[in-house]
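Structure at a glance
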Amino acid sequence: MSFKYVIHTKSVPNRFKPVTRSGIIAWEEGCLRCAVCVKTMCVYSVYDNRGLDPRQMIESIDNQCMNCFRCVQGCPGELIHKSLNPEFIALGDSHWTPQIISQLWTQAETGKIPVSGSGYPGAFSGSGFDSMWTDMSEIVRPTRDGIHGREYISTLVDLGKTPSHLSFTEGGKLNKDQPPVINIPLPIILRLPSFGALGDKTIRGWVMAARRMETLMALPQDMINGALDDFGKWIIPQILPEGQGPVTIPKGGRVLELAWSDNWQKAVKDLRHSNPSLFISVKIPMAEGMDEKVLLLAKGGVSIIHIEGSGNGRFMDDETRFVKDGIRSAHLKLVGAGIRDEVTLLASGGFSMAEHIAKAIICGADAVFIDLPILVALECRMCRRCTKGVPCPVEIENASSNWVASRVTNLLGAWHNQLLELMGAMGIRDARRLRGETGRAMFFEELDRSTFESMGKIEEGCELE
Ligand code: SF4
Ligand code: SF4
């Protein structure tokens, strides 16, 4: 692709009042009646925008405050305080934290990179991708400024087998007879979340977003109906293991996904026979024995492999192992066998932030699937009422397809810009060059081991955090 890939975003308002992190409490008693009240100096004009009189006492949950604490610190009488909203604290779970959920909402609403207003508030290190830091040593080179820089940074990736070397004809011309690949300009593919109050309009909206961004959306084949006839090129039908139902490929479809089964070889052979031009991806669970299955599939000629982690970023069968480590292990298995370029490795499992995409690629994935973020983009509160048959508090199933598509486009527009920023800061101009670049990242557990292991055994309860 020779054009500069840009995801166009525009503000797409919420349909419901968001659950916000904090409220402001200001006490009138003791107020010095300053000539200029700190509330009028809010850099985000929160008090003005809300039409509040600086002299009045405020006790409210508000959704505009950026928590910069300027007013809290600036009041000479120390009369302004911030309070945490209990409804906000109760959102999500330990993986899908309230902060992550609210940042996804903001990105889907604005299409912009989120700012906290008060710096990075998180821990120094954590589990999963939080134990990984990227090398931003090129951050000072303005030409590589990701979003606005003069040097184009490409996030395009190839799906399918790529040539490991160039070959030439007898006349010395480049041999163009290479295996075909599918290019997608963004290393992110959408897929159906595991829950949600979904309607036909929701599904159509997601597929519309995939088409707008020229990526793909994976859908169980029984959800692909006539309303999606125009979108076949952008859909990956997920078909059942061999023998469990008929296979229907939407018109224009380019790739399908088959779930792993013991007789995958026959299933792949039959599919190839009936759909010779289709790319076949095989999905395997990120669980014990995954590496061997990856190798088996790659050696068996499957050119796209999807390793599927759990919704909270872990192995399917082991809560102590993380998707990050599963990707590294599968990637290195293929590298060790000398066949890495013969396979596209797709990963899924709890990706909730733009940085996770870059980190997954550094660990060895070519591209990733995201699922719950495209639901949260629609104001989902992760309350899981829909799984119990209780009505959705934000009526997601009633949202128009256009609104759905625009919210998801905004979210991925913001993620794409963050990816560009990150790659620019790393000095990497092509997402395909980022794959497996673990030399440009640091892993806490490895640093911990190399620094402290020689000092002896760590007593229980004295581990570093
Ligand atoms: S904390 Fe900052 S953003 Fe929030 S109201 Fe006060 S000055 Fe404005
Ligand atoms: S807000 Fe709750 S009920 Fe609605 S889709 Fe999300 S988890 Fe389901």
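Residues numbered from 1 in each chain as written. Chains lettered and ligands numbered in written order. Predicted model: local features only at pLDDT ≥ 70, side-chain atom pairs only at ≥ 80, totals over all residues. Heavy atoms only, no water.

Structural notes on the overall build of the chain
Regarding its fold elements, the chain presents 13 helices and 15 strands. Over its C-alpha trace the chain gives a radius of gyration of 25 Å, about what one expects of a compact globule, namely 23 Å for 465 residues. Across the 465 residues in the chain, those meeting the buried criterion constitute 48%. The long-range share in the chain, meaning contacts at least 24 apart out of those at least 6 apart in sequence, stands at 70%. With the model as given, the accessible surface of the chain reaches about 22,900 Å², and the carbon-plus-sulfur share is 52%. The centroid of the 51 positive side-chain charges in the chain is displaced by 6 Å from the centroid of its 54 negative side-chain charges. (Helix = DSSP H or I, 4+ residues; strand = E, 2+ residues; numbered from the N terminus. Rg over C-alpha atoms; globule rule 2.2 N^0.38 Å. Buried < 20%, exposed > 50% of the residue type's maximum accessible area, 1.4 Å probe, protein only. Contact = heavy atoms within 4.5 Å. Areas by Shrake-Rupley, 256 points an atom, 1.4 Å probe, with all protein chains shown as cover. Lys, Arg positive; Asp, Glu negative; His and termini not counted. Charge placed at Lys NZ, Arg CZ, Asp CG, Glu CD.)

Describing the site of ligand 2
Around ligand 2 sit 14 residues in total, of which Cys380, Cys383, Arg384, Cys386 and Cys392 are the nearest. A majority-of-atoms criterion places ligand 2 in the second largest cavity. Of the residues belonging to the shell around ligand 2, the class tally is ten nonpolar, one polar and three charged. (Near = heavy atom within 4 Å. 1 Å grid on protein atoms, 1.4 Å probe; cavity = no way out; pocket = protein on both sides within 12 Å on 5 of 7 lines; lining within 4 Å. Sits in = over half its atoms within 2 Å of the grid points. Nonpolar A, V, L, I, M, F, W, Y, C, P; charged D, E, K, R; others polar.)

Describing the sheet that holds strand S13 (residues 344-348)
Taking strand neighbours around the barrel as the criterion, the eight strands line up as S7-S8-S9-S10-S11-S12-S13-S14 in a closed arrangement whose pairing is parallel. For this sheet, the mean inter-axis angle between neighbouring strands, taken without regard to orientation, is 25 degrees. Those strands touched by helix H5 (residues 200-212) are strand S7 (188-191), strand S8 (217-220) and strand S9 (235-239), and its axis lies near 150 degrees from that of S8. (Pairing = 2+ DSSP bridges. Axes fitted to C-alpha atoms, helices over the stretch in contact; angles between N-to-C directions.)

Points about the layout of surface pockets
Taken as a whole, the second largest pocket holds about 370 Å³ of empty space. In terms of lining, the second largest pocket is formed by 24 residues, of which the most central are Arg191, Leu192, Gln238, Lys283 and Glu308. Counting only elements with at least two residues in the lining of the second largest pocket, the list comes to S9 and strand S10 (255-259). It is S10 that contributes the most residues to the lining of the second largest pocket, three residues altogether. (Points joined across faces, edges and corners; volume = space filled by probe spheres on them.)

Remarks on the nonpolar core
If you look at the biggest cluster of nonpolar residues, it comprises 118 residues, and the most contacted ones within it are Trp206, Ile305, Ile307, Ile327, Phe351, Ile370 and Leu412. The greatest single-element share of this core, amounting to twelve residues, is contributed by helix H11 (residues 401-426). With residues up to four places along the chain from it excluded, the contact list for Trp206 reads Leu190, Leu192, Pro193, Leu198, Met217, Ile374, Leu375, Leu378, Val404 and Val408. If you look at the next biggest cluster of nonpolar residues, it comprises nine residues, including Val46, Tyr47, Cys75 and Ile80. (Core = buried A, V, L, I, M, F, W, Y, C linked by side-chain atoms within 4.5 Å.)

Thoughts on the domain arrangement of the chain
Partitioning the chain into domains gives domain 1 (22-84) and domain 2 (157-447). Each of domain 1 and domain 2 has a C-alpha centre, and these two points are 46 Å apart. (Domains from an automatic or database assignment.)

Focus on the site of ligand 1
Around ligand 1, the structure places eleven residues, and the nearest of them are Cys42, Cys65, Cys68, Phe69 and Cys71. Broken down by secondary-structure element, the contributors of at least two residues to the shell around ligand 1 are helix H1 (46-49) and helix H2 (70-74). Partitioning the shell around ligand 1 into residue classes produces ten nonpolar, no polar and one charged.

Brief notes about the packing of helix H7 (residues 290-299) against helix H8 (residues 323-336)
Between H7 and H8, the least distance of the axes is 9 Å, while the angle of their chain directions is 40 degrees. Judged by the inter-axis angle, H7 sits oblique to H8. For the crossing formed where H7 meets H8, the hand is right-handed. Contacts between H7 and H8 pair Met290, Asp291, Glu292, Val294, Leu295 and Ala298 from the former with Gly326, Ser329, Ala330, Lys333 and Leu334 from the latter. Per-class residue counts for the contact of H7 with H8 are six nonpolar, two polar and three charged. (Parallel < 35°, antiparallel > 145°, perpendicular 65-115°, else oblique. Left-handed = near helix turned anticlockwise from the far one by under 90°.)

So, the pairing of strand S12 (residues 304-308)
Among the five residues in S12, five count as buried, and that is most of the element. One ladder, built from five bridges, connects strand S11 (residues 279-285) with S12; its direction is parallel. Pairing of Pro285 across the sheet is with Glu308, part of S12. Both S12 and S13 contribute to a ladder of five bridges, which runs parallel. Of the residues in S13, the one forming a bridge with His306 is Leu346. Read as a crossover between parallel neighbours, the route from S12 over H8 to S13 is right-handed. (Right-handed = clockwise from strand over helix to strand, strands pointing away.)

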